[in-house]
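Okay, here's what each chain looks like letter by letter:
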Amino acid sequence: MPQSGTLSALAYIRRLYGVGRERTRSMSETAAARTPVGLLPGLLPSLAPLLRAWLPRQRWFAGKGRPVTGFSLVSAVELLPPRGGNGPGLLHLLVGVDQRPEPPAGDPHDCYQLLLGVCPALPPHLAPALIGRPHGGPLAGLMVYEGLYDPRLAALLLERLRTPGPLGPLRFASPGPLPPLPRALTARPLGTEQSNSSLVYGDTYILKCFRRVQPGPNPDLELSLALARAGCARVPAPLAWYESTAPHPYTLGVLQPYLRGSRDGWRLALEALAAGTPFTEEARALGRVTAEVHTALAEELPTVRLCGPRAERLAAGMHRRLDEAVRQVPALLPYAPRLRAAFDAIAAPAHRGLGWRAQRIHGDLHLGQALYGPATEPSATGGSGDGSAARTPAPPRPGTGRWSVIDFEGEPARPLSERRRPQPPVRDIAGMLRSFDYAARTHRPGNPVWAERCRAAYCEGYAQASGADPRAEPELLRAYETDKAVYEVVYEARHRPDWLPVPMAAIERLAAASV
Ligand SMILES: Nc1ncnc2c1ncn2[C@@H]1O[C@H](COP(=O)(O)OP(=O)(O)O)[C@@H](O)[C@H]1O
Ligand SMILES: O=P(O)(O)O[C@H]1O[C@H](CO)[C@@H](O[C@H]2O[C@H](CO)[C@@H](O)[C@H](O)[C@H]2O)[C@H](O)[C@H]1O
């Protein structure tokens, strides 16, 4: 076992998992990083049948429901060469996926980040990670699997993040040196697969690997760095990240401190509903935190006023998204005219020379993005002086903890350029209001009074901390709630059809309300 927190992690991996010297030599080899020229010919054609079956089953695969018609290799890096010894290899691939029909706007194909483990025989505990065994090509006869599920490969990725610098088309970066690695920092994939894939290292760090990537800085990294600069303690500050520099700049992964002992707001809200207890104090505190985050973002990044054509474009965007949503989910059609009235109402002030304040925002705020944790800061390493892992604190009792906000990526389905634009902060508030409604409707029996109380308390908390009550702009709030509900209808239809009635009930309510 390692002697100290600053051990060579390679030596640690070697000892812990019995990875041979020949194999681990690859760590220094990878520093000189190569595109695996020997692998390229035939690699993608041999993986294509496996990926065609495996990709659409992944929660993070955005193109569900449209057959995959082809693949293209955007980049390939051997983080650990396959066939280098007895242990596994790790391939980093960026793969373009062609589907039919092509999306009506934007890129004709999506690009996904894949971290593929490769080994001669898969240990039984990794059986669920199997992608398949290519019949031909450079990996013929080897097992190809989801590399993030293999703690040996996850450890390698963390070690790579500790040594900033280029690696072929990849670049590893950090704002400062990582704290010493605590002992026994075992990696586990986060159980709940969401839009991306996350690995938790010994309850100390969390590494989020983005799946569908788009060229340009991912706002999850960009905004978390800005908030760290602003000294906002409500958002875990990035410790390291990796990106690709060629052929396109993609943000690929971000390492943050893991907030031990915290629980997400969605679970807490459902528990409160089940216990029949109010959630208004938590909602009020969350409103205050949202205001703190918005204030810090407005201090750190540009703000604008959306007047004239820019305000009209806001409404036009909502109309466009509704058009597309109706195409995908025809059940929206009967409600569309009434929903459109809500969108038109926000363009009206533009005709009177008025406008809306806009700034960088979270972009996909809901209860699952708020973590309620112990009021005191966890230590940066999670380790005690001797390098042993710290005990995970018990989750705080209601009223004794504090909220943090995570996942500033915005709505993953939207183009990155759109997600990075300044937007009215009311949009985030609408997202959270929708979430209280979601929780209350998911619970049996539904509890609209609970939701209404939470919604009011959340707005009050926001007003207390920012001086601006979001309810003072009712047209904007309603338009954004409607826009969010439309997004949710498409999201649920695509990812969780059983949940479709939840946002559809909101659509019905919003369409029935008078403008
Ligand atoms: N810093 C953190 N500390 C503790 N848990 C976290 C942290 N960041 C994320 N999580 C957990 O990981 C889950 C997924 O993270 P998120 O950033 O929302 O990923 P995705 O983009 O895949 O939805 C969250 O719901 C939360 O439970
Ligand atoms: O957390 P992600 O960035 O992956 O966000 C996506 O998935 C969310 C669900 O996990 C989805 O949120 C919707 O369901 C939530 C309950 O599960 C609810 O609290 C939210 O209000 C509702 O929008 C989110 O929209 C989607 O982008």
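Please read these numbers as outputs of a predicted model, since none were measured by experiment. (Residues numbered from 1 in each chain as written. Chains lettered and ligands numbered in written order. Predicted model: local features only at pLDDT ≥ 70, side-chain atom pairs only at ≥ 80, totals over all residues. Heavy atoms only, no water.)

**Q** For the overall build of the protein, give the residues involved together with the corresponding values.
**A** Of the regular secondary structure elements, the protein holds 14 helices and 18 strands. The burial tally for the protein puts 56% of its 515 residues in the buried class. Looking at the protein alone, contacts between residues at least 24 apart form 73% of all its contacts between residues at least 6 apart. About 21,200 Å² of surface is accessible on the protein, with carbon and sulfur atoms providing 57% of the total. (Helix = DSSP H or I, 4+ residues; strand = E, 2+ residues; numbered from the N terminus. Buried < 20%, exposed > 50% of the residue type's maximum accessible area, 1.4 Å probe, protein only. Contact = heavy atoms within 4.5 Å. Areas by Shrake-Rupley, 256 points an atom, 1.4 Å probe, with all protein chains shown as cover.)

**Q** If you had to explain the site of ligand 2 to someone new, which residues and values would you point to?
**A** Neighbouring ligand 2 are 16 residues; Ser195, Asp364, Ser435, Tyr487 and Glu488 lie closest to it. Between glutamate 488 and ligand 2, the recorded distance is 2.7 Å, taken from a side-chain N or O atom to an oxygen atom. Contacts to ligand 2 include tyrosine 491, whose side-chain N or O atom sits 2.9 Å from an oxygen atom. Notes on ligand 2: free accessible area 530 Å², of which the protein chains cover 96%. For the shell around ligand 2, the secondary-structure elements that each account for two or more residues are α11 (426–442) and α13 (474–495). With 4 residues, α13 is the largest single contributor of residues to the shell around ligand 2. Of the residues belonging to the shell around ligand 2, the class tally is 6 nonpolar, 4 polar and 6 charged. (Near = heavy atom within 4 Å. Polar contact = N/O pair within 3.5 Å; in protein donor to acceptor, adjacent residues only side chain to side chain. Nonpolar A, V, L, I, M, F, W, Y, C, P; charged D, E, K, R; others polar.)

**Q** So what's going on with the site of ligand 1? Residues and values would help.
**A** The environment of ligand 1 is made up of 17 residues, and the closest members are Leu190, Gln194, Asn196, Lys208 and Leu259. Here a nitrogen atom of ligand 1 sits 2.8 Å away from a polar atom, N or O, in the main chain of leucine 259. Aspartate 407 places a side-chain nitrogen or oxygen 3.0 Å from an oxygen atom of ligand 1. Computed on the free molecule, ligand 1 has an accessible area of 550 Å², of which 90% lies beneath the protein chains in the complex. Residue assignment for the shell around ligand 1 shows that the elements contributing at least two residues are β10 (205–209) and β13 (250–257). Of the residues that constitute the shell around ligand 1, the class distribution is 8 nonpolar, 6 polar and 3 charged. Shared between two domains, the shell around ligand 1 takes at least three residues from each, and those domains are domain 1 (3–50 + 59–210) and domain 2 (259–513). (Domains from an automatic or database assignment.)

**Q** Explain the sheet that holds strand β17 (residues 370–373) to me, and be specific about the residues and the numbers.
**A** As a general point, the strands of a sheet are linked pairwise by backbone hydrogen bonds and lie either parallel or antiparallel. With respect to topology, 3 strands assemble into an open sheet ordered β14-β17-β18, the strand pairing being antiparallel. Every interior strand has two partners, whereas the edge strands, β14 (263–264) and β18 (402–405), have only one. By the bridge criterion, 4 bridges tie β17 to β18 in an arrangement that is antiparallel. For alanine 370, the partnering residue across the bridge sits in β18 and is valine 405. (Pairing = 2+ DSSP bridges.)

**Q** I'd love a proper account of the packing of α13 against helix α14 (residues 501–512), names of residues and values included.
**A** Look at α13 against α14: their axes get within 9 Å of each other, and the N-to-C directions meet at 150°. Between α13 and α14, the interaxial angle falls into the category roughly antiparallel. In the crossing of α13 with α14, the sense of the turn from one axis to the other is left-handed. Residues Arg478, Glu481, Thr482, Ala485, Val486, Glu488, Val489 and Glu492 of α13 lie in contact with α14, whose contacting residues are Pro503, Met504, Ala506, Ile507, Arg509 and Leu510. (Axes fitted to C-alpha atoms, helices over the stretch in contact; angles between N-to-C directions. Parallel < 35°, antiparallel > 145°, perpendicular 65-115°, else oblique. Left-handed = near helix turned anticlockwise from the far one by under 90°.)

**Q** Can you tell me about the packing of aromatic side chains, naming the residues and giving the values?
**A** Under the definition given, this model contains 12 aromatic pairs. Each ring, one from phenylalanine 279 and one from tryptophan 450, has its centre 5.9 Å from the other, and the planes form 25°; the classification is stacked. On the criterion of sequence distance, the pair formed by phenylalanine 279 in the loop between α6 (265–275) and α7 (280–300) and tryptophan 450 in helix α12 (residues 448–466) is long-range, its members being 171 residues apart. Across the pair, tryptophan 450 and phenylalanine 279 agree in class, each one buried. Look at tyrosine 487 and tyrosine 491: their rings are 6.2 Å apart centre to centre, the planes differ by 25°, and that puts the pair in the stacked class. Of the two residues, tyrosine 487 and tyrosine 491 are both situated in helix α13; the distance of 4 residues between them amounts to about one turn of the helix. Taken individually, tyrosine 487 and tyrosine 491 each receive the classification buried, so the pair is uniform in this respect. Every member of this aromatic cluster is reached through a ring pair, and the members are Trp54, Trp60, Phe61 and Tyr112. One residue, arginine 160, lies across the ring of phenylalanine 172, its end atom 4.7 Å from the ring centre. The side chain of arginine 496 reaches across the aromatic face of tryptophan 499, ending 3.7 Å from its centre. (Phe/Tyr/Trp six-rings, centres within 6.5 Å; stacked < 30°, edge-to-face > 60°. Lys NZ or Arg CZ within 6 Å of the ring centre and 35° of its normal.)

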